[in-house]
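Working through the structure, step by step
As a plain string of letters, each chain reads:
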Amino acid sequence: MLSSIFGQTVRGMRDFLPEDARRLRFIERIARETAELYGYDEVITPTIEYYNLLAAKIGEENRKRMYVFEDLGGRKVALRPEFTASIARLVATKLRSAPKPLRLFSVGSLYRYDEPQFGRYREFWQANFELFGSALPEADAEIISLMDVFLKKIGLDGYSFKIGHVGVLRGVFSDEGIDEDKQNSIMQRLDKKEWEEAIKLLKESGSSRKCLNTLKGLLKTSGKDPPCIIKKMREIVKEYPGAIEAVENLNEIIDLLRSGGVETEILIEAGFARGLEYYTGAIFEVYVPEMDIALGGGGRYDKLVELFGGGKIPGVGVAMGMDRLSLALKKHGSTIHISAPTKLLVVPVERSLLGEAFKTASMLRESGFCVEIETMGRSVSRALSDADRRGIAFTVIIGPREIKEGKVVLRHMAERKQITVDLSELPEKISQVCQC
Ligand code: HAM
């Protein structure tokens, strides 16, 4: 009975074997480099937070999927399902008086009790970027352009952005006097692409025929020619001032992206909604054609920090789903960036030479090489065939005669050639061969 439990991970949880771990860490490294390039400082927040904080604006669907429990002190806590609430908490409290704009980066694992399937796990990873203090379109454009640069740097191509604006739909609903709770329920249905349900809820809220037609019109409006879609959106919402403002804001963001050199394909969806409830402005996701799940998503949220007791501090951010990016890189067959470093193996001919093998390995590591030592007590020939099997590039053989003369044997595994080299020249010799 016990062995069947010990033999598997909990449903939705995964082990990362070396190749997958390497790919995930590669994505993390590039995310951190991108954060530095754009001036985002890393912050590390706890995996466990108060339930009320995490649940406040996460949205009905995400709320149901939180890992919630009472700790031994009787506190109702949860595993974080995202970073944004924790970062907004920091900005409302410890970083309240930090000069703005405030650019913050986080990376780590998150937990949602989603139904496990391709690209959907219960423990997953995000690289998260948030920009606080500016309500201007240049802040939204910065986040989208950062996302673009990051995706290029990890070697992904053929991706596109889906962009919408929560303010368009909410602008229409607010002008119709629909309260926030009802708006949230409608937005949740739209996020799940349950258009008919959304229209039904809108009808039940007593909204006008004009409002229903406006929603239907917006739901039909999408396309990859932003100026044309913006024009259509202006026309559809022309009688709703709040929504018009949102369309103009969306237009400014896209103009800025284009004039700033972002050439990535943009699909505008006028009826686009996201499950998280805190969004107040532009929202966006990134897709590749081979996968119908978002590789990242984000948007503007101007009221969250205030809700957590901070001032009126607007925010905009994005979270890149590292697991899905890893899958996308794998699908593209991209191994360039994640290939393992050149490895060396040091093999003593006999056990009495182990000390010399350790010293040689240390010297090579100090010179920057990745070095293993034969630790299985195998003969040289068996160690060499194992090195071959594992893709080791060079072996350094420590023999009694050579070491007495301060020399070792350097073997190029792929070419099956070996030379005797002075120990003092060994690092240089390996570097020379590596460059050939
Ligand atoms: P989100 O859309 O919920 O947004 O998640 C962002 C990304 O995390 C998704 O696009 C996806 O790649 C990945 N992701 C989400 N759930 C899973 C899962 N169960 N398994 C694997 N990957 C998953 C947020 O989390 C917001 N906090 C983004 C944001 C930042 N908005 C403003 N600032």
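Structure: above.
First, a word on scope: everything that follows refers to the structure included in this document. (Residues numbered from 1 in each chain as written. Predicted model: local features only at pLDDT ≥ 70, side-chain atom pairs only at ≥ 80, totals over all residues. Heavy atoms only, no water.)

This next bit is on the overall build of the protein chain. The number of helices and strands found in the protein chain is 18 helices and 17 strands. Relative to the 2.2 N^0.38 estimate, which gives 22 Å for 436 residues, the radius of gyration of the protein chain is 28 Å and therefore markedly larger than a compact globule would have. The principal-axis extent of the C-alpha atoms belonging to the protein chain is close to 95 × 55 × 45 Å. Within the protein chain, contacts between residues separated by at least 24 positions form 67% of all contacts whose residues are at least 6 apart in sequence. As displayed, the protein chain offers around 21200 Å² of accessible surface, 51% of which is attributable to carbon and sulfur atoms. Of the charged side chains in the protein chain, 64 are positive and 63 negative, and the gap between their average positions amounts to 3 Å. (Helix = DSSP H or I, 4+ residues; strand = E, 2+ residues; numbered from the N terminus. Rg over C-alpha atoms; globule rule 2.2 N^0.38 Å. Contact = heavy atoms within 4.5 Å. Areas by Shrake-Rupley, 256 points an atom, 1.4 Å probe, with all protein chains shown as cover. Lys, Arg positive; Asp, Glu negative; His and termini not counted. Charge placed at Lys NZ, Arg CZ, Asp CG, Glu CD.)

Strand order across the open sheet formed by 5 strands is β14-β13-β15-β16-β17, with mixed pairing between neighbours. Lying at the two open borders of the sheet, with one neighbouring strand each, are β14 (370-373) and β17 (417-422). Within the sheet, the average angular offset between the axes of one strand and its neighbour, ignoring direction, is 25°. Looking at chain direction, strand β13 (residues 343-348) and β14 are connected through 4 bridges and run parallel. Across the sheet, Lys343 pairs through a bridge with Cys370, a residue of β14. Along the sheet face, helix α15 (residues 354-366) touches β13, β14 and β15 (394-398) and points at about 170° away from the line of β14. With respect to the sheet, helix α16 (residues 380-389) is in contact with β13, β15 and β16 (407-412), its orientation differing from that of β13 by roughly 170°. (Pairing = 2+ DSSP bridges. Axes fitted to C-alpha atoms, helices over the stretch in contact; angles between N-to-C directions.)

This paragraph deals with helix α8 (residues 180-191). Look at α8: 16 Å from first C-alpha to last across 12 residues, which is about the 16 Å you get at 1.5 Å a residue. Taken together, the buried positions of α8 are Gln183, Asn184, Ile186, Met187, Gln188, Arg189 and Leu190. Put simply, Asp179 is the residue that caps the front of α8, since its side-chain oxygen is 3.2 Å from the backbone nitrogen of Asp181. A positive backbone phi angle near 60° is found at Lys193, which sits one or two residues after α8. (Expected span 1.5 Å × (residues − 1). Buried < 20%, exposed > 50% of the residue type's maximum accessible area, 1.4 Å probe, protein only. Polar contact = N/O pair within 3.5 Å; in protein donor to acceptor, adjacent residues only side chain to side chain.)

As a structural note, the neighbourhood of the ligand is formed by 27 residues, with Glu82, Thr84, Asp114, Tyr121 and Tyr279 the closest of them. A distance of 3.2 Å is found between an oxygen atom of the ligand and a backbone nitrogen or oxygen belonging to Gly296. Contacts to the ligand include Arg324, whose side-chain N or O atom sits 3.5 Å from a nitrogen atom. The fraction of the free accessible surface of the ligand (660 Å²) that becomes covered by protein chains is 96%. Its residues assigned to classes, the shell around the ligand comprises 10 nonpolar, 10 polar and 7 charged. (Near = heavy atom within 4 Å. Nonpolar A, V, L, I, M, F, W, Y, C, P; charged D, E, K, R; others polar.)

With that settled, consider helix α9 (residues 195-204). All of the buried residues in α9 are Ala198, Ile199 and Leu202. Around the axis of α9, the buried residues are gathered within 95° of arc, so they sit on the same side. For α9, the exposed residues lying more than 90 degrees away from the buried face are Glu196, Lys203 and Glu204. Its buried side turned inward, α9 meets α7 (166-175), α8 and α10 (209-219). A positive backbone phi angle near 80° is found at Gly206, which sits one or two residues after α9. (Arc of directions from axis to C-beta.)

Residues Phe129, Leu151, Leu156, Phe161, Phe173 and Met320 are the most contacted members of the largest nonpolar core, which totals 106 residues. Element by element, the count of residues in this core is highest for helix α6 (residues 137-153), at 8 residues. Contact partners of Phe161, with chain neighbours within four places excluded, come to Ile144, Met147, Asp148, Leu151, Val262, Thr264, Glu265, Ile266, Leu267, Glu285 and Val286. Ranked by size, the runner-up nonpolar core spans 18 residues in total, among them Ala361, Phe369, Val396 and Val421. (Core = buried A, V, L, I, M, F, W, Y, C linked by side-chain atoms within 4.5 Å.)

What follows concerns unusual backbone geometry. The general pattern is negative phi for most residues beyond glycine and trans for most peptide bonds. The residue after Lys100, namely Pro101, is reached through a cis peptide bond having omega 0°. Assignment of secondary structure puts Pro101 in the loop between α5 (84-92) and β5 (102-111). In the Ramachandran plot, Lys193 falls in the positive-phi region, its phi being about 60° despite a non-glycine side chain. Following the sequence through the fold, Lys193 ends up in the loop between α8 and α9.

Our focus in this paragraph is the packing of α7 against α10. Running from amino to carboxyl end, α7 crosses α10 at an angle of 170°, the nearest separation of the two axes being 10 Å. Comparing the axis directions of α7 and α10 gives the class roughly antiparallel. Packed against α7, whose contacting residues are Val168, Leu169, Val172 and Phe173, the element α10 presents Cys211, Thr214, Leu215 and Leu218 at the interface. Looking at the contact of α7 with α10 residue by residue, the classes come out as 7 nonpolar, 1 polar and no charged. (Parallel < 35°, antiparallel > 145°, perpendicular 65-115°, else oblique.)

In the contact formed by α6 and helix α12 (residues 241-259), the axes pass within 9 Å of each other and the chain directions differ by 50°. With respect to their mutual orientation, α6 and α12 come out oblique. The chirality of how α6 crosses α12 is right-handed. Residues Pro137, Glu138, Asp140, Ala141, Ile144 and Ser145 of α6 form the contact with α12, whose own contacting residues are Asn249, Glu252, Ile253, Leu256 and Leu257. (Left-handed = near helix turned anticlockwise from the far one by under 90°.)

Taken together, the side chains of Lys203, Arg209, Lys216 and Lys220 define a basic patch exposed on the protein surface. With respect to the helices and strands, Lys203 occurs in helix α9. (Patch = residues over 30% accessible without salt bridge, like charges linked within 9 Å, V, L, I, M, F, W, Y side chains within 5 Å. Salt bridge = Lys/Arg side-chain N within 4 Å of Asp/Glu carboxyl O.)

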